[in-house]
Structure formats: C-alpha cells, structure tokens
Amino acid sequence: FFAHRTIILGMANPRQGMALLSRVCSKGARCLAARSPAARSFSTTGPLRDVDDFLKTMRNIGISAHIDSGKTTLTERILFYTGRILQIHEVRGKDGVGAKMDSMELEREKGITIQSAATFTRWKDYDINIIDTPGHVDFTIEVERALRVLDGAVLVLCAVGGVQSQTNTVDRQMKRYGVPRLAFINKMDRTGSDPWRIIKQLKDKLFLNAAAVQVNIGAENTLEGVVDLVTMKASYNVGEKGEQVIEDEIPAKMLEFCKEKRALLIEVLADVDDVIGDKFLVEEEPTIQELKDAIRRATLKLTFVPVMMGSAYKNCGCQQLLDGVIDYLPSPSEVKNFALDIDNGEAEVEVEVSCKKPLVALAFKLQESQFGQLTYLRIYQGVIKKGEQVVHINSGKKLKVPRLVRMHSDEMEDVSEARAGEIVALFGVDCSTGDSFTDGSIKWAMTSMHVPDAVMSLALDVKNKSNLDKFSKALNRFSKEDPTFRVTFDDATKQTVISGMGELHLQVYVERIKREYGVECEVGAPRVNYRESIMKKASFDHTHKKQSGGQGQFGRVIGYLEPTDVIMGEPEFENRMVGNIMTPSWIAAVEKGFYEQAAEGPLMDHPVSGVRFVLEDGASHQVDSSEMAFKIAAKGACRAAFEKAGPVLLEPMMSVAVTAPEEFQGVCVSLINKRKGMIDNSDTSQGYVTVDCQVPLANMFGFSTDLRSSTQGKGEYSMEYKEHMPVQKNVQDELIKAHQAAKEAERK
C-alpha cells in the first residue's frame with residue numbers, strides 16, 4: 001500500500017538542450033533520473049507496508065497561487081516526470097487536448113482553472129496526491145476547501161509579478177488552517193524575473209520568515225538550472241522535455257554568491273531552530289542532514305518558509321520541487337487535527353492518524369457525474385471499505401459505500417479501501433460539503449471550512465419556459481457543489497437571483513447552465529449585495545395594539561438597538577428583562593420578530609448586520625397579548641429605533657491591483673479616481689507599474705473594458721473582496737431613492 005502526498009501546483013520550467021547534457025557529463029557530472037518517458041510506469045497497487053512506514057511516506061499537499069502563475073502547467077510537468085502521463089499538453093487546449101487537470105471545456109477555452117482537480121502519483125518511494133486549484137479570486141472556495149483537508153502546501157509565485165492580490169488571499173487561507181508551506185518562484189525564464197525581489201515581498205507583504213534554499217543558474221532566456229544551498233550542488237534539467245536531471249559542481253563564477261546565500265539561510269534558521277542556533281553561536285558549520293532536518297522542523301512549526309525556484313513551462317526545477325515536498329513538508333501523522341465530540345457537548349478531541357482507530361472522514365467537495373453525486377473524502381482516522389456501512393453524523397443515517405475511487409482529474413480508478421491520511425471519492429452518498437462520517441462507534445464531527453459571503457448577484461429569466469425543470473436541476477446541482485453560489489427567488493420581481501463571488505464566477509455558471517443543460521437565460525443587470533447597519537445607540541418603546549372585534553392584539557416592548565463591535569457581525573438578540581412580565585414564549589416571539597426584520601432592513605430590504613437588539617421591559621394584556629402580537633411589536637420597534645440610530649448602507653469594497661506599462665500610470669490612476677477608488681500604493685518595476693487600491697464593487701462593473709481600451713490592451717487587473725464599508729451619504733440617498741421608485745413602479 002503506498003503512501004501519499006497531495007500537492008497543489010503552479011509554475012513553469014526551462015528546457016535544456018542535449019548540448020548542455022554533453023557539456024556537464026564531460027565534467028564528470030553524476031546523471032540522475034535519466035529514464036526516458038517510455039521506460040516509466042505507474043502502479044496503483046502495491047504490497048501492504050507497516051502502518052508506520054505507510055504514514056511516513058504519505059503526504060497531503062496543496063499548491064496555490066495567484067491566477068496565471070502556472071499551477072496547472074507545473075502539475076502537468078510533475079505528472080509527466082513521475083510517469084503518470086506520457087505526453088505534456090499545455091493549457092488552453094491549443095493542441096486539441098489541453099492540460100490533464102483542466103478537464104472542463106470552459107477551462108480549456110479560457111485558459112484558467114475553474115474547479116479544483118485531484119490526482120495521485122508516485123515520486124521515488126512516496127505516493128503523492130496532487131490538487132490543482134484555481135487562481136482566480138472568484139473561485140477561492142476551491143482553494144479554501146482544498147487547504148482545509150491538506151497537510152502542506154506549495155505557494156507558487158510569478159518571478160515577475162511576485163506577491164499579488166490572490167497571493168494574499170491564499171496566504172490568509174494557509175494561515176487560517178495552519179498549513180506548512182514551501183514557496184516556489186515560477187517563470188524564472190520571463191523577462192524581468194527577480195527571485196530576490198519576490199523573497200523580499202514574502203517578508204514585507206506576507207510577513208513570512210522566508211529564505212532561499214536554491215539559487216538560480218542564469219535567468220530569463222539564459223536560465224540553465226538551480227543550485228541547492230543545502231547540498232551546495234548544481235542541478236540541470238536536460239533532454240527534450242527536461243526529464244533528465246544531472247548534478248554537478250557549482251559554476252566558479254557563482255560560488256561566492258551561493259556561499260553568501262547559504263550563510264543567510266543558516267542565519268535565518270538560527271533564529272527559529274535551537275540546533276542550528278547553537279551551531280551558529282559557536283560558528284560551527286551544520287551538516288547537510290542537520291540543515292535538512294532544521295528546515296523541516298521550522299517549516300512544520302510554521303516559523304520558516306523555504307523558497308525554491310524554476311520554470312515549469314521550460315521544464316526546469318520540477319523534480320527538485322518534488323524532492324523539497326518529500327524533504328520539508330509533513331506526513332499526515334505529523335499534523336494535529338481536531339474533531340468535536342457530539343456526545344460530549346461538542347468538546348474538542350484530537351484525531352489520531354491511525355488505521356486501527358474508528359473511522360473519521362470529512363466530505364470536502366461534491367461533484368455531479370454521470371454515475372450520480374461524487375463525494376470527495378479526506379480520511380483522518382480509521383479505514384473505509386467498499387461495501388461497508390458508514391454513519392452520516394449530521395443526519396445519523398447509516399449509508400452503504402457502493403463504490404470507492406481514487407481520482408485522476410476526470411478519470412477514476414476503483415479501490416477496495418482507503419486508509420487514514422488518504423483522499424478518495426465515493427458514489428451513492430447523499431451529503432453536503434463539510435459533513436462528517438464515522439463507522440458508528442463514535443460520534444465525532446470535523447470542524448467545517450470557512451465559506452465567504454457572496455458579494456454580487458444577477459437576476460436570471462429562462463427564455464423558454466419549457467426548460468424550467470432543467471433550469472431548476474442545474475441550480476440545485478451547482479448550489480450544492482459550490483457553497484459560495486447562492487440561489488434565491490425575488491417575490492417582488494418574480495425572478496431567480498443567483499449570488500456569487502464576482503462577475504466571472506456568475507458568468508461561468510450561466511454558461512454552464514447553457515452548455516450542460518441546454519437552457520438559455522436572460523441575464524439582468526448585476527446587483528451589489530449591500531448590508532444595512534447603524535452607527536449609534538437608539539432606544540425604543542413600541543406598542544402594537546389592534547382591536548377589531550373579538551380578541552385583539554396587544555404587545556409592548558421596551559429596550560434599545562446598538563451597534564456591535566463587528567460591523568459585519570451577525571445580528572444579536574439579548575434579553576435583559578427582570579421578572580415575569582412576559583412569558584418565555586412571548587420573549588421568543590420578540591426575538592423571532594427582530595430576526596425576521598433583520599433579514600430585510602428598513603432602508604433597501606438588504607440584510608442587517610452589526611446590530612444588537614436588547615429587550616429590557618415590556619407590557620402585556622391578559623386577553624389580547626399573543627406571540628403574533630409581540631412579534632409584530634418587535635418588528636415595529638426595530639424599524640422605529642433603526643431610523644433614530646444613524647442608519648447606514650454598507651457596500652463591499654474590493655482590493656484591486658492594476659498592472660500596466662509605465663507610460664499608462666496616469667491613465668490607470670485616472671480610471672481608479674473616476675470609480676471613487678482609494679489608492680494605497682504604487683510600485684514601478686521592470687517598466688511596469690502596479691497600482692494597489694480599494695474600489696467599491698458597484699463601481700467596478702465594466703472596468704476591464706475601460707482599462708484595456710485605455711492601455712492599448714496592455715493593462716490587466718485583479719480584485720478580491722476586502723470588507724464592507726459605509727457608503728457616502730449622497731450615494732446612500734440616491735440608492736434609497738432609486739429603490740423606493742422601483743418599488744412604486746412594481747406596485748403599479
């Protein structure tokens with residue numbers, strides 16, 4: 001039984017000619033990994049090893065990056081070099097095939113990854129699970145759920161672009177789940193590549209304690225290979241597709257520079273590792289093994305990030321990266337995971353990575369296939385076997401496992417069982433993302449993943465009403481697969497409203513509805529998901545009284561509304577009543593009334609956030625008071641107090657990074673100012689300027705077209721959600737006026 005490593009990848013590698021192979025071999029270089037592709041093989045079965053050996057040689061690793069950093073290209077090279085595929089294909093499917101991990105037609109057309117894709121392979125004595133994730137912020141949930149279940153990660157950076165907007169998002173996700181990572185500086189063959197500037201950005205922008213463990217030999221079109229600062233050996237990728245790695249002495253002209261960088265590496269490690277620290281103080285040189293062990297210890301403790309470099313597209317540095325994954329990233333047994341014991345008040349318990357313990361597994365991704373729902377599972381503890389029963393913790397139901405598979409992009413390989421630490425998929429199980437499974441002997445639930453709120457919406461109308469059934473099936477499927485894709489129905493306009501993480505996110509789903517279900521939709525104007533809140537405390541004393549013959553309605557509530565500490569926090573209800581003036585059921589009715597009113601704020605019917613409703617007193621009537629009366633009273637009190645509490649609209653602010661040639665800097669700044677953006681920073685490098693700013697999402701629609709037309713098609717931008725902030729007073733008044741006019745028009 002093999003061990004696994006899961007990797008999420010991205011970046012490109014330089015190609016070396018046979019002349020270099022001859023030159024280096026003539027110096028007496030040692031040839032490594034010189035098998036030809038045809039001689040490679042990959043086995044999905046093997047002899048069972050001791051459990052301890054199995055875990056030691058297993059890795060669950062992810063690779064994430066900003067869009068267009070080369071993650072899919074890097075994955076393609078790794079699959080080729082490990083013998084998993086026999087031919088290299090590029091993204092965008094120019095050769096009619098496309099990269100292995102981009103199995104969706106839309107992915108090959110657009111040249112981007114939309115869904116995370118899993119595969120597995122083997123490098124030396126290690127099995128590696130690879131997850132290729134999207135780099136676009138609109139599909140950030142794919143990265144989120146991958147990092148939730150992985151033990152380590154590779155953070156890929158462009159050697160020219162460096163730390164970009166989505167890099168910041170990925171860094172936050174890795175820190176949220178405590179994932180150790182390597183950094184891989186890709187695209188070292190690009191003009192203007194500078195790895196030392198990127199390492200400085202890792203320190204200054206991401207606050208990572210990073211240092212290079214490799215030095216590039218050449219750069220741009222002269223990139224030849226890399227120097228390993230741990231072993232102080234140079235390695236070169238040669239052969240038609242870089243499949244051969246040869247090791248040689250460091251070129252004489254680089255020796256002093258490499259010694260300086262190695263000394264810096266040791267100095268950085270001395271601050272975070274006691275063994276290297278002691279040797280550093282007595283000026284004793286650590287051995288190769290001591291240095292490797294120290295890098296691994298510090299990486300696992302999240303106090304150090306080793307930086308490697310290469311170019312996946314030019315076939316340089318991929319094999320060395322795989323060695324780094326093995327040497328520096330953790331096995332499942334080296335990572336602590338925790339579950340909640342449902343039978344013990346959801347007390348936190350540590351999950352032991354062992355095949356001898358009861359089963360604990362987490363469903364982290366769902367996907368519809370021709371065979372039904374495909375559920376991706378991370379096995380944290382125990383063993384899951386085909387044909388056996390598992391217990392769905394959320395529902396308590398017993399479910400049979402009819403089929404268990406290991407994924408290779410869109411292909412499947414059946415397996416009879418999966419052990420602790422592995423990532424597999426199963427059919428025939430109805431569940432949701434984040435659900436937990438056990439064997440029934442324990443009732444543990446793994447903590448779920450963070451799901452960001454949607455930031456924009458679109459209204460959809462089906463052109464052909466006969467397709468409503470298919471339209472409904474498509475929306476049900478996509479909302480189940482993607483937690484950030486939300487579907488609601490607007491009773492006022494009688495339209496279906498889809499919400500997501502951005503324009504591209506929603507456009508992709510509209511296109512998928514058309515392609516996969518044959519349903520064409522009319523798309524309305526984009527809607528921004530505003531929130532409503534208050535700026536100050538306001539008291540209320542509201543009485544609801546109604547008498548129309550027979551039993552009437554009476555309910556009086558006294559208290560106040562106040563803003564909470566977190567402006568985007570969930571609405572809160574607090575009961576501070578003393579005595580038995582109101583029955584518990586009436587108090588519950590007041591709470592229900594507040595939450596119902598908070599779902600549709602009084603300004604523009606948007607959800608209310610960052611507001612606390614405090615109930616201090618009230619009054620009732622022995623005949624006319626009822627739960628309905630107090631619920632209506634709470635709604636009225638909430639509306640009345642809201643108007644006195646400084647009501648504000650909150651709009652989503654986006655972190656935007658605009659990059660264009662230096663001569664267009666003024667144009668870019670002007671475009672940002674027109675959209676009421678706030679410029680945070682402007683940086684010029686290698687003839688390009690990058691402007692970092694914050695812009696309201698409502699003002700970003702159509703920005704891509706304006707930017708390209710103003711920069712002769714040379715400008716590009718990326719954006720991610722930052723936070724909700726109050727809109728300007730004049731803008732708020734205009735929005736409320738337009739909303740009221742629209743409601744009046746609907747009534748007519």
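Heads up: these notes are all about the structure in this document. These numbers were taken from a predicted model, which means no experiment stands behind them.

Scoring rules and cut-offs
- Residues numbered from 1 in each chain as written.
- Predicted model: local features only at pLDDT ≥ 70, side-chain atom pairs only at ≥ 80, totals over all residues.
- Heavy atoms only, no water.
- Helix = DSSP H or I, 4+ residues; strand = E, 2+ residues; numbered from the N terminus.
- Buried < 20%, exposed > 50% of the residue type's maximum accessible area, 1.4 Å probe, protein only.
- Areas by Shrake-Rupley, 256 points an atom, 1.4 Å probe, with all protein chains shown as cover.
- Polar contact = N/O pair within 3.5 Å; in protein donor to acceptor, adjacent residues only side chain to side chain.
- Contact = heavy atoms within 4.5 Å.
- Pairing = 2+ DSSP bridges.
- Axes fitted to C-alpha atoms, helices over the stretch in contact; angles between N-to-C directions.
- Expected span 1.5 Å × (residues − 1).
- Core = buried A, V, L, I, M, F, W, Y, C linked by side-chain atoms within 4.5 Å.
- Phe/Tyr/Trp six-rings, centres within 6.5 Å; stacked < 30°, edge-to-face > 60°.
- Lys NZ or Arg CZ within 6 Å of the ring centre and 35° of its normal.
- Parallel < 35°, antiparallel > 145°, perpendicular 65-115°, else oblique.
- Left-handed = near helix turned anticlockwise from the far one by under 90°.
- Salt bridge = Lys/Arg side-chain N within 4 Å of Asp/Glu carboxyl O.

The next subject is the overall build of the protein chain. A tally of helices and strands in the protein chain yields 18 helices and 40 strands. For the protein chain, buried positions account for 56% of its 748 residues. By element, 48% of the accessible surface of the protein chain is carried by carbon and sulfur atoms, the whole surface being about 31,900 Å².

Checked against the element boundaries, Q214 lands in strand β9 (residues 214-217). Of note is the side chain of Q214, whose polar atom sits 3.0 Å from the backbone nitrogen of M309. Residue contacts for Q214: discarding those within four places in its chain leaves W196, V226, V227, L229, V307, M308, M309 and Q320.

Our next topic: the sheet that holds strand β21 (residues 403-408). Judged by pairing direction, the sheet is antiparallel, and its 8 strands sit side by side in the order β20-β19-β25-β16-β17-β24-β21-β22 without closing on themselves. Looking at which strands have only one partner, the edges of the open sheet turn out to be β20 (398-400) and β22 (411-414). This sheet shows a mean twist of 40° between the axes of neighbouring strands, independent of strand direction. Pairing geometry for strand β17 (residues 372-381) and strand β24 (residues 423-427), over 5 bridges, is antiparallel. Note on β24: the bridge partner recorded for T375 is L426. Here helix α5 (residues 140-149) sits on the sheet in contact with β16 (360-369), β17 and β24, set at roughly 150° to β16.

So, about the pairing of strand β14 (residues 337-341). Because side chains alternate across β14, one face comprises the buried residues N337, A339 and D341, and the other comprises F338 and L340, none of which is buried. The pairing of β14 with strand β15 (residues 347-351) spans 5 bridges and is classified as antiparallel. Its bridge partner lying in β15, N337 is registered against V351. Hairpin geometry of β14 and β15 is characterised by an intervening segment of 5 residues between the two adjacent antiparallel strands and by a positive phi of about 65° at G345.

Now for helix α13 (residues 503-517). When the terminal C-alpha atoms of α13 are compared, their 21 Å separation across 15 residues agrees well with the 21 Å that a helix rising 1.5 Å per residue should span. Within α13, burial applies to L504, H505, L506, V508, Y509, V510, R512, I513 and Y517. At the exit of α13 stands G518, carrying a positive phi of roughly 65°.

Let us now look at the side chain of D171. By secondary structure assignment, the location of D171 is in helix α6 (residues 165-176). Apart from residues no more than four positions distant in its own chain, D171 is found in contact with R181, L206 and L208.

Quick look at the nonpolar core now. In this structure, I513, L561, V590 and L615 are the most contacted members of the largest nonpolar core, which totals 68 residues. At 7 residues, the largest contribution of residues to this core is made by helix α15 (residues 627-644). Non-local contacts of I513, meaning those with residues more than four positions away in its chain, are made with L460, F471, A474, L475, F478, G518, V519 and C521. Of all hydrophobic cores here, the second largest spans 54 residues; its members include A65, L182, V213 and I250.

The next subject is the packing of aromatic side chains. Across all of its chains, the model carries 12 aromatic pairs by this definition. With a centroid separation of 4.9 Å and 85° between ring planes, the pair formed by F703 and Y717 is classed as edge-to-face. Here F703 is found in helix α17 (residues 703-710), whereas its partner Y717 is found in strand β40 (residues 716-726), with 14 residues between them in sequence. A connected cluster of aromatic rings, assembled from ring pairs, spans F540, F573, F594, Y595 and F613. When the ring centre of Y376 is taken as origin, the NZ or CZ atom of K365, which lies over that ring, is 5.8 Å away. A cation sits over an aromatic face here: K537 above Y560, 3.9 Å from the ring centre.

A separate point is the packing of helix α16 (residues 665-674) against α17. With their axes 10 Å apart at the nearest point, α16 and α17 run at an angle of 155° to one another. Classified by the interaxial angle, the pair formed by α16 and α17 is roughly antiparallel. At the point where α16 passes α17, the crossing takes the right-handed sense. Listed contacts from α17 to V667, C668 and L671 of α16 are F703, D706, L707 and S710.

The subject of this paragraph is the environment of V401. By secondary structure assignment, the location of V401 is in the loop between β20 and β21. Accessibility expressed as a relative area gives 0% for V401, which makes it buried. Look past the residues within four positions of V401 in its chain and what remains in contact with it is I384, K385, K386, G387, E388, V390 and L426.

Attention now goes to the pattern of salt bridges. Here the structure, examined in full by the defined rule, presents 37 salt bridges. Put simply, E422 and R406 hold a salt bridge, and the shortest N to O gap is 3.0 Å. On the criterion of sequence distance, the pair formed by E422 in the loop between β23 (417-419) and β24 and R406 in strand β21 is long-range, its members being 16 residues apart. As far as burial versus exposure is concerned, E422 and R406 are alike and both buried. Residues joined in a network through salt bridges with shared partners are E562, E572, E574, R576 and R612.

This paragraph deals with the sheet that holds strand β34 (residues 553-563). Judged by pairing direction, the sheet is mixed, and its 4 strands sit side by side in the order β33-β34-β36-β35 without closing on themselves. Each edge of the sheet is formed by a strand with only one pairing partner; in this case those strands are β33 (538-546) and β35 (572-575). Strand-to-strand twist of the sheet, defined as the mean angle between neighbouring strand axes without regard to direction, takes the value 30°. When β35 meets strand β36 (residues 611-619), the two strands line up parallel, connected through 4 bridges. Pairing of F573 across the sheet is with F613, part of β36. On the sheet, helix α14 (residues 584-599) packs against β34, β35 and β36 and is oriented at approximately 155° with respect to β35. In the packing of α15 onto the sheet, contacts are made with β33, β34 and β36, and the angle to β34 comes to roughly 35°.

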